[in-house]
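Chain by chain, the residues:
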Amino acid sequence: MDFRYTPEQEAFRTRLREWLEHNKAEVFGESTDPLADRDEDSDTRWQKMLEWHRRLYEVGYVALHWSKEWGGGGASLVEQAIYQDEVLRLGLPLYGANQLALDRIGPTLMFLGTDEQRRRYLPKMLTGEEIWCQGYSEPGAGSDLAGLQTRAVIDGDDFVVNGQKVWTSLAQRAHMQVLLVRTDANAPKHRGISYLLVDMHTPGITVRPLVQITGEADFNEVFYDNVRVPRKNLVGELNQGWQVSIATLMYERVSGGTRHPVERTINELVALARDVEFAGMPAAQHPYVRQKLAQFASEGLCLRLSRYRSLTAQLNGRVPGPESSYGKLHATELNLRVAMFADELLGPYAQLERGSVGTVENGRWPYRVLRARGLTIAAGSSEIQHNIIGERVLKLPKG
Ligand SMILES: Cc1cc2nc3c(=O)[nH]c(=O)nc-3n(C[C@H](O)[C@H](O)[C@H](O)COP(=O)(O)OP(=O)(O)OC[C@H]3O[C@@H](n4cnc5c(N)ncnc54)[C@H](O)[C@@H]3O)c2cc1C
């Protein structure tokens, strides 16, 4: 690894930082933490996210990692790493309002879609005119995704889809969806799946929001009742959708290891420890608290260094593989432990949510405690990431 930046890269960082700070203040106002701030209703927050996306697009920051050929920034890997550092430092979303489209679905189409699909969908992913969601999980198929039962049969120029998905993030806002369906019920389960691009406004689709433990309704049940999807919306070959879905999952896990602002959260935990008491003394002076903070800070740094290591590997021409599971696993588990420790530090105050009398830091820590667990499940649970690392990275025998 080489950690020195060239003068051009430093200049890029300075320009970017100024732009981000200025525009963050204009779009998100006083909010120090746009992702955890829950003072507004969700529609207002969403409008701010769209505005943030629009600005990122206008200035060319929205998809630095996409090639120029497809309208992206065509940035070098080092510039992308600088972008991630700066955006996460400010607690901002890495991919504007269209994370799924930009971090995984767009790259999947670039890799495996047809030219027509790329021309039709990629530009509107960038502008944010079409927001995307991902229809993989079903009530009986999450970790065992290949067991999915939503069916599609060919009828003339269309597929006709029937079934149900669940936990579909952003389905209530999305215009488009990638949908995994079973197109051959008799084939072995990994071989009878196809990958479709579906307009969420097609007749027969019903979206029902699910309220989470945080009180938000970010994900949904989605029902399909004779939904007609044009055959030209098939990505890859018929019944070969498993390979396409794996490409999307790989991109998803790479993003899952990079997009959580864990170091920022750890710095906020340190600030909290300076403000509260623990066991009758200032928390930041208590040896147990200090040990914990030091442990978190070291792990946060390790996480960043492992991101740089993977970057170095990519600079040397290697494609991200199953080791991306490590970043996803470590980032989300560390994030959970940090939130749980804040809970311990706050003691009974951890029960007080936003808006309650006596709440600390406007209730953002209780919110994070409730939210952090879900992140260890989304995009493949921690147990599944352990299995992948054990079997495919460490080459251990299957459990
Ligand atoms: C915040 C959030 C957002 C999400 N967004 C989306 C989305 O946009 N689109 C989408 O399709 N899905 C989404 N999901 C669903 C997510 O992908 C699934 O919840 C996840 O894959 C786990 O599946 P499951 O819930 O069916 O649990 P199950 O697969 O039933 O697992 C239950 C438990 O058993 C464990 N387990 C299962 N199999 C094994 C095994 N082989 N070895 C060891 N342990 C095992 C799991 O780790 C888990 O603890 C989201 C989930 C969350 C929490």
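Described in the following lines is the structure provided in the data block. Per chain, residues are indexed from 1 in the order of the written sequence. Per-residue local features of the predicted model are confined to residues with pLDDT of at least 70, and side-chain atom pairs are confined, for both listing and counting, to 80 or more; whole-chain, interface and lining totals are unaffected and use all residues. The side-chain quantities take in all heavy atoms of the structure and omit both hydrogens and water.

Quick look at the pairing of strand β2 (residues 151–155)
Piece 1. Each pair of strands is called paired provided DSSP finds at least two bridges between the two strands. Helix numbers and strand numbers start at the N terminus; a helix is a DSSP run of H or I with at least 4 residues, a strand a run of E with at least 2. In this structure, β2 lies alongside strand β3 (residues 158–169), joined through five bridges in antiparallel fashion. From the neighbouring strand, Asp155 faces β3, where its bridge partner is Asp158.
Piece 2. Hairpin geometry of β2 and β3 is characterised by an intervening segment of two residues between the two adjacent antiparallel strands and by a positive phi of about 65° at Gly156.

Side note on helix α8 (residues 287–315)
In an α-helix, one turn spans 3.6 residues, which is why side chains three or four residues apart end up on the same side.
Piece 1. Across its 29 residues, α8 extends 42 Å between first and last C-alpha, which sits within 8% of the 42 Å expected from 1.5 Å per residue.
Piece 2. Residues Val289, Leu293, Phe296, Glu299, Gly300, Leu303, Ser306, Arg307, Tyr308, Leu311 and Ala313 constitute the buried set of α8. A helix's residues, less one, multiplied by 1.5 Å, set its expected span. Exposed residues in this analysis have more than 50% of their type's maximum accessible area, buried residues have under 20%, and partly exposed residues fall in between, with area computed by a 1.4 Å probe over protein chains only.

Some remarks on unusual backbone geometry
Piece 1. In the Ramachandran plot, Ala279 falls in the positive-phi region, its phi being about 50° despite a non-glycine side chain.
Piece 2. By the element assignment, Ala279 lies in the loop between β9 (277–278) and β10 (281–282).
Piece 3. The exposure class of Ala279 is exposed, given its relative accessible area of 61%.
Piece 4. Even without glycine at this site, Ala379 takes up a positive phi of about 60°.
Piece 5. Among the structural elements, Ala379 can be located in the loop between α10 (364–377) and α11 (382–393).
Piece 6. A residue is classified by how much of its surface remains accessible, and Ala379, at 19% relative accessible area, is buried.

Observations concerning helix α1 (residues 7–28)
Piece 1. With 22 residues, α1 should reach 32 Å at 1.5 Å per residue; the first-to-last C-alpha distance of 31 Å fits that figure.
Piece 2. Buried residues of α1: Gln9, Phe12, Arg13, Leu16, Trp19, Leu20, Asn23, Lys24, Val27 and Phe28, and no others. Summarising the axial view, the buried residues of α1 lie within an arc of 145°, below the 170-degree limit, and thus occupy one face. Summarising the geometry of α1, the exposed residues directed more than 90 degrees from the buried face are Pro7 and Glu18. In this description, one arc is meant: the one made by directions from the helix axis to the C-beta atoms.

What about the pattern of salt bridges?
Piece 1. Whenever Lys or Arg places a side-chain nitrogen within 4 Å of a carboxyl oxygen from Asp or Glu, that contact is recorded as a salt bridge. Scanning all chains against the criterion turns up 28 salt bridges.
Piece 2. The partner of Arg55 in a salt bridge is Glu26, with the nearest N and O atoms 2.7 Å apart. On the criterion of sequence distance, the pair formed by Arg55 in helix α2 (residues 42–59) and Glu26 in helix α1 is long-range, its members being 29 residues apart.
Piece 3. A relative accessible area of 48% places Glu26 in the partly exposed class.
Piece 4. The salt bridge partner of Arg104 is Asp103, with a shortest N-O separation of 2.8 Å. An identical accessibility class is assigned to Arg104 and Asp103; each is buried.
Piece 5. In the salt-bridge network here, residues are joined through shared partners; they are Glu10, Arg13, Arg17, Glu21, Glu86 and Arg89.

A short note on the site of the ligand
Piece 1. Whether a residue is near a molecule or strand depends on its heavy atoms: it is near if one of them lies within 4 Å of it. Around the ligand lies a shell of 17 residues, among which Ser137, Ser143, Trp167, Ser381 and Glu383 are the nearest.
Piece 2. In the model, an oxygen atom of the ligand is placed 2.7 Å from a nitrogen or oxygen of the Ser137 main chain.
Piece 3. The definition of a polar contact used here is a pair of N or O atoms within 3.5 Å, where within protein one atom must be able to donate a hydrogen and the other to accept one, and adjacent residues in sequence count solely through side-chain atom pairs. Between the ligand and the protein, one listed contact pairs an oxygen atom with a side-chain N or O atom of Glu383 at 2.7 Å.
Piece 4. The accessible surface values rely on the Shrake-Rupley method and a 1.4 Å probe; as for residues, cover is taken only from the protein chains in view. Against a free-state accessible area of 970 Å², the protein chains account for coverage of 63% of the ligand.
Piece 5. The set of elements that each furnish at least two residues to the shell around the ligand consists of β3, α10 and α11.

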